[in-house]
Protein chains: 2
Amino acid sequence: MNPNHYCIIMAGGIGSRFWPKSRQTRPKQFLDILGVGRTFLQMTYDRYSSFIPADHILVVTADRYRDLVREQLPQISEDHILLEPYKRNTAPCVAYATYKLYQENPDATVVVAPADHLIIGEDAFRDTIITALEEASQSDRLFTIGIEPTRPETNYGYIQVNKAVSKKVNGITSCQVKTFTEKPNAELAKVFLETGEFFWNSGMFIWSLKTIKDELERCLPEVTSLFKGGEEAYFTPQEKGFIQRVYEDCPAISIDYGVMEKTQKAWVFLSDFGWSDLGTWESVYERSDRDAAGNMVSCAVPMVDEVNNSVIICDDPDKLVVARGFDNLMIIDMPDVLLVCHRDDRTVKDILTDLTMKDKVDKYL
Amino acid sequence: MNPNHYCIIMAGGIGSRFWPKSRQTRPKQFLDILGVGRTFLQMTYDRYSSFIPADHILVVTADRYRDLVREQLPQISEDHILLEPYKRNTAPCVAYATYKLYQENPDATVVVAPADHLIIGEDAFRDTIITALEEASQSDRLFTIGIEPTRPETNYGYIQVNKAVSKKVNGITSCQVKTFTEKPNAELAKVFLETGEFFWNSGMFIWSLKTIKDELERCLPEVTSLFKGGEEAYFTPQEKGFIQRVYEDCPAISIDYGVMEKTQKAWVFLSDFGWSDLGTWESVYERSDRDAAGNMVSCAVPMVDEVNNSVIICDDPDKLVVARGFDNLMIIDMPDVLLVCHRDDRTVKDILTDLTMKDKVDKYL
C-alpha cells in the first residue's frame, strides 16, 4: 500500500429518498438497505481498506452522526472523523478535509468518495482507483471516474469526454473532460448514449492534495480563505470551535459546481465496473434479490400472494405482513411510519420537503 | 315496556372477515369498527334497551369473551350472560337461552338478534320488532325479519314469502315463509330482486318461548334432550358444569337449518329499515363516511394523496401513514399485523383458515 494514498468518505447526506427507512437521525449510509449485513458506510470502508491503509481513511459527516460513524467504523480514529456542524454541500466538506489532511501529509493523494454507492466488480474498481491515485500523484489533474452508461439513465449527471486528449495506463484510459452535464431528460439521455462521448458521473474524485488545494483557492477563494486560517486549530481541541465558526460563515456550494466545472484540469478515468448511486428505491429494487414474481420482500413473517414487482419491507421481527393482489407497490412499514406508494414514486422526497414545514410531522423525518 | 318481552343477543362469533382488526381474542362484535364510539355489541344493546327492560336482555357468548361482555355491558347481570364452552353454531345457543329463560319466565316472548349488525332507521326497526313481539305472544308463529332488497346482493341469504298468506298489523305486513334460500349467485340474485317475493334474511327471530321450545323439541330432539335436563342447574352454581357436559355432546347446527327450514310455523315480517350484516370490510366501507376521493381513512396522522376508493386503517395514535398513488386497496395496520389487499378481497378469510394450520402464524388470528 502506498503510504501517501488516502481516502475521504463523504457521509453527511440525509438520503431522504429512502425515507421512511432512512431518517434524519439515521440516513441511508448508516443502513443495511440491501440486507447484506453491512451498512453502505461499512461497505465503502471495506472497499477502500483493501488497498488504502486503514489509518488513512477519513470520514466527513454531520455532527449528529458522529456516534453512528464511531459505532459502525470503530477502526477509524477520532481525528479522522471530521464533523460538519451545518449542511454546506460538498465543496466545504472537501475543503475541510483537504486543509486538515494537508497538515498531516502534504504529499497525500486522495480519493474522495460518497458513502452510499454500490460497486460491483471490486477488482476493476480497485485497479481504476489505484491507477488514478498514481496518475494524480504525478500530475496536477483532478480526476473523476466516468462509468460507461448501459442505459439512457435520467437520474445521473453525465461527463462528456474529449477522447482526442487521452492517456492509457495499465490498460485504463483517462480523458480530458469536455463538460459536466446535469441530469438529462429521456430524449437527451438517448442521444448521450448513442454518441459514446458521455459517461455517468460517479461522484468520485481522485487528486493530490496540492492540486485540489490550489484549485480550491483559485476557484473558491471565499471558501478556502475560511479553512486556510485553521492551520493552528486542526488536530487540536480548538478544531471544533474553529469549524463551528467557519461553517457558520461558509456558503453552501458543491465541489462539482464550485471547482470541477470551472477548472481546466478536470480529467476522467473511463471504467465499466458495476456502479449505482442507489439514489432511489427503484435502483435498490433493481439490484436486489427478487422472488419469482419480481418482489423484493424483507419481512420476518411474510404472506405474499398474487403480488408482482413490489417492494415489501418490515423490520419488526414479530409482525405478520399479509400482502395480496397488487402490483408495483412499495410498502415500507416502520414502527412509527407506514408508507404505501408506487414502487418508483420519486415524489416522496418532495412530500417530505413539504412535510418539514408542518410541525405535526416533523418528528417522522 | 312489556314485562314479558326479552332480548337474546348472540355474541359468540369470531368475525374472521374483519381480521386483522378483529381477532379471536376480540372479535368484531367487541370492536368499534365504524368509529362511532360504541362497539357493535353496545350498539345492539342500546337499540333494544330503548324498548325492552334492561334486565330482560341476555347475551350468549363464548366462555373466553365473558370479560369483554362484562366490560362493555356492565348493566347486564352475570345470570344473563350465557357462556358457551365450545362453538356449536346457533341452534344450541338458542336452546340454551330458551331453556334457561323458560325457568325465569315461561311466558316470555323474545327477540333473538346477532350482536354485529347495523341498523339504520331505528324507529321503523323498533315498530317492527315490537309488533312482531306482540304477534309472537299471541300466536305460535316463529317470526323472522325480511328486509326488502335494494340490490341483487349475493352475500345474503333470502327468504321467499307467500304473499297470499299474510297479515297486516300496525301497518306492518307479515307473511308465511315459502322457503329459505342460501346466498344466490349474481344471476339468481337479480331474479330474486325482480320477482318481489324475496327478502334479505336478517338473521333476527321473534317468538314466544313456548313456541320455540315446542319446535326445538320437535325438530331437534337430539339437541333439546340435552338442555332439557338442566332444569335444576340453571341459575345455580351447577350451571357451568352442566353446560360444559351438554356442549361436549351437542352437535353443531344452525337454528336456520335445524328449525326454521323444517318448521311449518315460519313467518316473516317485511320491513325496509336500513340493515346490513356488516359481514365484510366492503359492507363497512359502503356504510362509512368517505372523503371526496372515496377513501375511508381512519388514522391519527394520515398523508393520503392520489388514492381513490380505498380503506386505510391504523389505530396507532403516533404513526404517520403515507399513502400515495393507488386505488381500491385496503390497508389495515395493527401492531402485530399489516394487511394490504384489494378492498373487496373476500379470500382473506380463507387464508386465515389455511393459516390456522401453521403454528407459525397461529398467534396472529
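Look a little higher up for the structure.
Quick summary incoming for the structure in this document.

Each value, and the rule that gives it
- Here, residues in each chain are numbered from 1, in the same order as that chain's written sequence.
- In the order they appear in the text, chains get letters beginning with A and ligands get numbers beginning with 1.
- Totals for whole chains, interfaces and linings use every residue, but because this is a predicted model, local features are given only for residues with pLDDT of at least 70 and side-chain atom pairs only at 80 or more, for both listing and counting.
- Each side-chain value is derived from all of the structure's non-hydrogen atoms; neither hydrogens nor water enter the calculation.
- Under the scheme used here, helices are H or I runs from DSSP no shorter than 4 residues and strands are E runs no shorter than 2 residues, and both carry numbers assigned from the N terminus.
- We compute the radius of gyration from the C-alpha atoms alone; for a globule the expected value is 2.2 Å times N to the 0.38, where N is the number of residues.
- Burial classes: relative accessible area under 20% of the type maximum marks a residue as buried, over 50% as exposed, and values in between as partly exposed (1.4 Å probe, protein chains only).
- Note on definitions: a residue-residue contact is assigned when non-hydrogen atoms from the two residues lie within 4.5 Å.
- Residue-level accessible areas treat just the shown protein chains as cover; the underlying method is Shrake-Rupley with a 1.4 Å probe.
- We treat Lys and Arg as the positive residues and Asp and Glu as the negative residues; His and chain ends play no part in the count.
- Lysine's charge is taken at NZ, arginine's at CZ, aspartate's at CG and glutamate's at CD.
- Paired strands are those between which DSSP finds at least two bridges.
- In this scheme, patches are assembled from residues that exceed 30% relative accessible area and form no salt bridge. Like charges are connected within 9 Å, while nonpolar side chains (Val, Leu, Ile, Met, Phe, Trp, Tyr) are connected within 5 Å.
- Salt bridges, as used here, are contacts in which a Lys or Arg side-chain nitrogen is within 4 Å of a carboxyl oxygen on Asp or Glu.
- Between N-to-C directions, angles cover 0 to 180 degrees, with each direction set by a line fitted to C-alpha atoms, over the stretch in contact for helices.
- In plain words, nonpolar cores are sets of buried Ala, Val, Leu, Ile, Met, Phe, Trp, Tyr and Cys residues tied together by side-chain atoms within 4.5 Å.
- For any helix crossing, the convention is left-handed if the near helix is rotated counterclockwise from the far helix by under a right angle, and right-handed if that rotation is clockwise.
- Side-chain classes follow a simple rule in which Ala, Val, Leu, Ile, Met, Phe, Trp, Tyr, Cys and Pro form the nonpolar group, Asp, Glu, Lys and Arg form the charged group, and the remainder, Gly included, forms the polar group.

What about the overall build of chain A?
Within chain A, the regular secondary structure consists of 12 helices and 17 strands. Computed over C-alpha atoms, the radius of gyration of chain A comes to 21 Å, within 12% of the 21 Å expected from 2.2 N^0.38 for 365 residues, which places it in the range of a compact globule. Dimensions of chain A along its principal axes, counting C-alpha atoms only, are 60 × 50 × 40 Å. Expressed as a percentage of its 365 residues, the buried residues of chain A come to 56%. Within chain A, residue pairs in contact and separated by at least 24 positions form 67% of the contacts whose partners lie at least 6 positions apart. Surface summary for chain A: the accessible area is close to 14,900 Å², and the carbon and sulfur share equals 47%. Here chain A contributes 40 positive and 55 negative side-chain charges, whose respective centroids are spaced 2 Å apart.

Some points on the pairing of strand 14 (residues 311-314) of chain A
Along any regular strand, the residues point their side chains to alternate faces of the sheet. Residue and element names in this part refer to chain A. Of the two faces of strand 14, the one lined by V311 and I313 and the one lined by I312 and C314 are each fully buried. Two elements, strand 14 and strand 16 (residues 329-333), share four bridges in a ladder whose sense is parallel. Counterpart to I312 in the pairing with strand 16 is I331.

Side note on the side chain of T61 of chain B
Tracing the backbone shows T61 of chain B in strand 2 (residues 57-62). If near-sequence neighbours (up to four positions away) are discounted, T61 of chain B is found in contact with A11, G12, F30, R66, V69, I81, L82, L83 and E84 of chain B.

Describing a positive patch on the surface
Residue and element names in this part refer to chain A. Judged by side-chain charge, R17, K87, K183 and K349 come together as a positively charged surface patch. Following the sequence through the fold, K183 ends up in the loop between strand 8 (172-181) and helix 5 (186-195). For K183, a relative accessible area of 47% gives the class partly exposed.

With respect to the pairing of strand 7 (residues 158-169) of chain B
Residues and elements named next belong to chain B. Pairing geometry for strand 7 and strand 8 (residues 172-181), over nine bridges, is antiparallel. Bridge pairing links V161 to V177 in strand 8. Between strand 7 and the antiparallel strand that follows it, strand 8, lie two residues; N170 among them carries a positive phi value of about 55°.

Structural notes on the sheet that holds strand 16 (residues 329-333) of chain B
Pairing is mixed across the open sheet formed by six strands, whose spatial order is 13(A)-15(A)-17(B)-16(B)-14(B)-12(B). Of all strands in the sheet, those bounded by a partner on one side alone are strand 13 (301-308) of chain A together with strand 12 (296-298) of chain B. Ignoring which end each strand starts from, the neighbouring axes of this sheet average 5° apart.

Notes on the nonpolar core
One finds V110, W207, I212, F227 and V259 of chain A to be the most contacted residues of the largest nonpolar core, which totals 48 residues. Looking at which element gives the most residues to this core, the answer is helix 3 (residues 90-104) of chain A, with eight residues. Not counting chain neighbours up to four residues away, the residues in contact with F227 of chain A comprise P92, A95, Y96, Y99, Y234, F242, I243, V246, Y247 and C250 of chain A. I212, Y234, V246 and C250 of chain B belong to the second largest nonpolar core, which has 47 residues in total.

What to know about the packing of helix 3 of chain A against helix 8 (residues 239-249) of chain A
All names here are of chain A. Contact geometry of helix 3 with helix 8 gives a least axis separation of 12 Å together with a crossing angle of 145°. Classified by chirality, the crossing of helix 8 by helix 3 is right-handed. Across from P92, C93, Y96 and K100 in helix 3, the residues of helix 8 making contact are E239, I243 and Y247. In the contact of helix 3 with helix 8, the residues fall into five nonpolar, no polar and two charged.

On their own, these measurements won't tell you what the molecule is for.
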